Every structure is written in structure tokens, then in C-alpha cells.
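Structural overview
Single-letter residue listing:
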Amino acid sequence: MRIVWICLIVMYCCVIVVSTGCSPSNLQDKEQSALEERGDFSWPVGKRAAISLTFDDARFSQIDRGLPILNEYGVKATFYVLVRPLEERLSDWKKAVTKGHEIGNHSLTHPCSGNFPFARERALENYTLGKMRYELQESNNIIERLLGVRPVTFAYPCGQKYVGRGRNLKSYVPLVAEKFLAGRGWMDEWANDPAFCDMAQLMGVELDGKDFEQVKQLFDRTLANGGWLVFCGHDIGEGGRQTTRASTLKALCEYAQDPANGLWLDTVEEVARYILKQRTGKPD
Ligand SMILES: [Zn+2]
């Protein structure tokens, strides 16, 4: 009797795999056809995929550990800053701007779901689009006043893209689309398809906690499908919660800067502008 049950379960699993089309070979076929459907889109000469490194919240370790590594390898990253920590290390952030790093908007008060205790006082469930519009504008105004650059890309705090709740919930993606060249999510699993992606909600993949082998696997997949992988990190150091390992960052920079590997490593702004130009034939 047990044998019969095992056979039935195995048969059921086979049917599921075939019907959902999730076998590895099927995925490779889909990637290949996605490449063929891409039509006129092409990355710059010699490049087969793009990578952007982004770091959120203007954490001090980004200045103390991250920027020296990035600058050593000549890599430009995107920093989605919060105003208060930005003010505390203002002269350092000014230096980062002169090195060519992008400064992006990450809202004024970092509103997220009130399920996070730290965000209960500014819960997205209690927000309105008007309040969010004010946050985005005011943050841009302050950053411009402090650093002399006006952000053109945005990262959704906690990767959450709504205000309100239930039947009254509204997406604030259209607001981000109106105000910014691009908006980046968080905790996504996949690279962006340059010929298809919605710039207002780019997928963002976590960089924190990964070793270089894990990064390399993501690079390989991105190179295979010609995508744009946007990495997201927070602190930079030896390890721990929400921390990009310094050793991984070094290895990543070295690998991505080697022309033989076919990767274009640049800021979200630069890659987004390139893609939009390819799509429309003119800059956005
Ligand atoms: Zn954040």
C-alpha cells in the first residue's frame, strides 16, 4: 500500500513540474527566447549585462568602509540617503558627489508598514498620496540644498509601494514615475529586463550577507539573460544584520571591472538613462 502511495505522489509531482513549466531546461528556453525578442536593444559595445550597486539610509559605514573600496576600484554607486544622517557626515557625502557617486532620494522620514515597530508613528497604512508627495519633494529640496545635486532616482523605504489600507489603499508608484527617472524596490529575486522593465519599480536584489560565490551566481544568470541587476545593501563591514561584506564588495568590484567579463557597472541613473535612450532613441 505504501508503495502505491509513493508512486502516486511521484506521478503528481511530475505532473506539477510539467504543467507549470518550471524545469531548468524550460527556463533556459524562456531566457533564450527573451533575448531573441529583445529586438533593437543592446548594451554598450563589449557589455552583455549591467550591474548597479545601491546602498540605503546614508549609514556611516558606507562612508567609512564602502566608499574607500568603491573609489579604489573606480566604481560608481548609488546612495539612497536619509536627510538626518546625511547632515551628520555632510563633508564626506560632498566628497562622494565629487567622486561621481549618485545621490538618490529615500523619502524624508522612511515611512514603512506599521507592522515594523520603528515605523508605527509614520505607518504607510496611515499615509496619503499628498503626504508622500510632500516627503519626496521636501527630501529632494533638502538634498539639493545640502549637496548641490537634485536626486533623479528613488528607493522605496522597506521596498513598500503603497499608502492607505484595504479598499482605500493606493499605489504610490505613479507618483514616483511622475517625479523620478527610476524607483527601486527591495528584496526582489531577479534582474530587470532592459527592454521591458518599468523604471518606476525596478527590482532590487539584496547584497547584504552574500559571499562572492553567491554574487557570482547572480552575475552568471544576469549575463545569460542580458539583464540589469540592481543590488541593494545597507551597512558595509565584516558581517551581521543588513551588512554587505567588505570582502564581497572588493571581489565584486574587481570582477565587474574586468572588461573580459562583459559587465557594465554604473549608477542607477546612468543605466536608466542609457536604457531609455535605447528605447526611445532620445534621452528621457
Ligand atoms: Zn531604508
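It should be noted that the structure appears before, not after, this text.
Anyway, here's the lowdown on the structure attached to this text. Predicted model, so just to flag it, every value in this text is computed and none were measured. (Residues numbered from 1 in each chain as written. Predicted model: local features only at pLDDT ≥ 70, side-chain atom pairs only at ≥ 80, totals over all residues. Heavy atoms only, no water.)

Here we take up the coordination of the zinc ion. Any two of four tetrahedral donors ideally make an angle of 109.5 degrees at the metal, while pairs among six octahedral donors ideally make 90 or 180 degrees. Taken together, the protein ligands of the zinc ion are Asp57 (OD), His106 (NE2) and His110 (NE2), with distances of 2.1 to 2.2 Å. Each donor residue of the zinc ion belongs to the same chain, and together they define the spacing D-x48-H-x3-H. Of this pair, aspartate 57 sits in the loop between strand 1 (49-56) and helix 3 (60-73) while histidine 106 sits in the loop between strand 3 (102-105) and helix 6 (129-147); the two residues are 49 residues apart in sequence, bridging distant segments of the chain. Each member of the pair, aspartate 57 as well as histidine 106, is classed as buried. (Donors = N, O, S within 2.8 Å, 3.2 Å for Na, K, Ca; no water. Helix = DSSP H or I, 4+ residues; strand = E, 2+ residues; numbered from the N terminus. Buried < 20%, exposed > 50% of the residue type's maximum accessible area, 1.4 Å probe, protein only.)

Summed over the entire model, instances satisfying the criterion amount to 1 disulfide. The side chain of cysteine 112 participates in a disulfide bridge whose partner is cysteine 158; the two sulfur atoms lie 2.0 Å from each other. Because the sign of the S-S torsion sets the handedness, a value of about 85° for the bond joining cysteine 112 and cysteine 158 places this disulfide among the right-handed ones. Highlighted residues: cysteine 112 in the loop between strand 3 and helix 6 and cysteine 158 in the loop between strand 4 (153-155) and strand 5 (162-163), separated in sequence by 46 residues. Look at cysteine 112 and you get buried, because its relative accessible area is 0%. (Disulfide = S-S within 2.5 Å.)

A few words on the pattern of salt bridges. Under the counting rule described, the total for this entry stands at 10 salt bridges. As a salt-bridge pair, glutamate 178 and arginine 133 come within 2.9 Å of each other at their nearest N and O atoms. Taken as a pair, glutamate 178 in helix 7 (residues 173-179) and arginine 133 in helix 6 lie far apart in primary sequence, 45 residues in all. On the basis of relative accessibility, which here comes to 31%, the residue arginine 133 falls in the partly exposed class. Note that arginine 273 is salt-bridged to glutamate 269, the shortest N-O span being 3.1 Å. Highlighted residues: arginine 273 and glutamate 269, both in helix 10 (residues 268-280), separated by 4 residues, approximately one helical turn. The exposure class assigned to arginine 273 is partly exposed, which follows from its relative accessible area of 32%. Sharing partners across several salt bridges, the network here consists of Asp57, Arg59 and Asp235. (Salt bridge = Lys/Arg side-chain N within 4 Å of Asp/Glu carboxyl O.)

Turning our attention to the environment of leucine 218. Residue position: leucine 218 is located in helix 8 (residues 212-225). Sequence separation between leucine 218 and tryptophan 190 is 28 residues; the distance between their C-alpha atoms is 8.5 Å. The residues contacting leucine 218, other than those within four sequence positions of it, are Val205, Lys210, Leu229 and Phe231. (Contact = heavy atoms within 4.5 Å.)

This brings us to the nonpolar core. Judged by nonpolar contacts, the single largest core of 40 residues is most densely connected at Leu53, Phe55, Leu70, Phe79, Trp93, Phe219 and Phe231. By residue number, the principal contributor to this core is helix 9 (residues 246-256), which donates 6 residues. With residues up to four places along the chain from it excluded, the contact list for leucine 53 reads Leu70, Val75, Ala77, Thr78, Leu207, Phe231, Leu249, Leu252, Leu265 and Asp266. In terms of nonpolar packing, the next biggest core, distinct from the first, is built from 19 residues, Ala50, Leu181, Met199 and Leu276 among them. (Core = buried A, V, L, I, M, F, W, Y, C linked by side-chain atoms within 4.5 Å.)

This part is about the packing of helix 3 against helix 9. At a minimum axis distance of 10 Å, the contact between helix 3 and helix 9 shows a crossing angle of 20°. Taken as axis vectors, helix 3 and helix 9 run roughly parallel relative to one another. Considering how the two elements wind past one another, helix 3 and helix 9 form a crossing that is right-handed. Residues Arg65, Gly66, Ile69, Leu70 and Tyr73 of helix 3 touch helix 9, and the partners they reach there are Ala246, Leu249, Lys250, Cys253 and Glu254. Each residue belonging to the contact of helix 3 with helix 9 can be placed in one class, and the counts come to 6 nonpolar, 1 polar and 3 charged. (Axes fitted to C-alpha atoms, helices over the stretch in contact; angles between N-to-C directions. Parallel < 35°, antiparallel > 145°, perpendicular 65-115°, else oblique. Left-handed = near helix turned anticlockwise from the far one by under 90°. Nonpolar A, V, L, I, M, F, W, Y, C, P; charged D, E, K, R; others polar.)

Take the packing of aromatic side chains next. Counted according to the given criterion, the structure contains 15 aromatic pairs. Ring plane angle 25° and centroid distance 5.8 Å describe the contact between phenylalanine 55 and phenylalanine 79, whose orientation is recorded as stacked. Of the two residues, phenylalanine 55 is situated in strand 1 and phenylalanine 79 in strand 2 (residues 78-81); the sequence distance between them amounts to 24 residues. Overall, the relative accessible area of 0% leaves phenylalanine 79 in the buried class. Cluster of aromatic residues (ring-pair linked, three or more members): Phe41, Trp43, Trp264 and Tyr274. For the cation-ring pair, arginine 89 lies above phenylalanine 60, with the distance from its terminal atom to the ring centre recorded as 5.5 Å. (Phe/Tyr/Trp six-rings, centres within 6.5 Å; stacked < 30°, edge-to-face > 60°. Lys NZ or Arg CZ within 6 Å of the ring centre and 35° of its normal.)

End to end, helix 3 covers 20 Å across 14 residues, agreeing with the expected 20 Å (1.5 Å per residue, within 8%). Along its length, helix 3 shows its largest kink, about 45°, at glycine 66, and proline proline 68 lies within four residues downstream of that point. Inspection of helix 3 places Ser61, Gln62, Ile63, Gly66, Leu67, Ile69 and Leu70 among the buried residues, and these make up the whole buried set. Those residues of helix 3 that are buried lie in contact with strand 1, strand 2, helix 5 (90-98), strand 10 (235-237) and helix 9. Glycine 74 occupies a position one or two residues after helix 3 and carries a positive phi of about 70°. (Expected span 1.5 Å × (residues − 1). Bend = angle between axes of the 7 residues up to and from the residue.)

Everything listed here is a matter of coordinates, which is why it stays silent on function.
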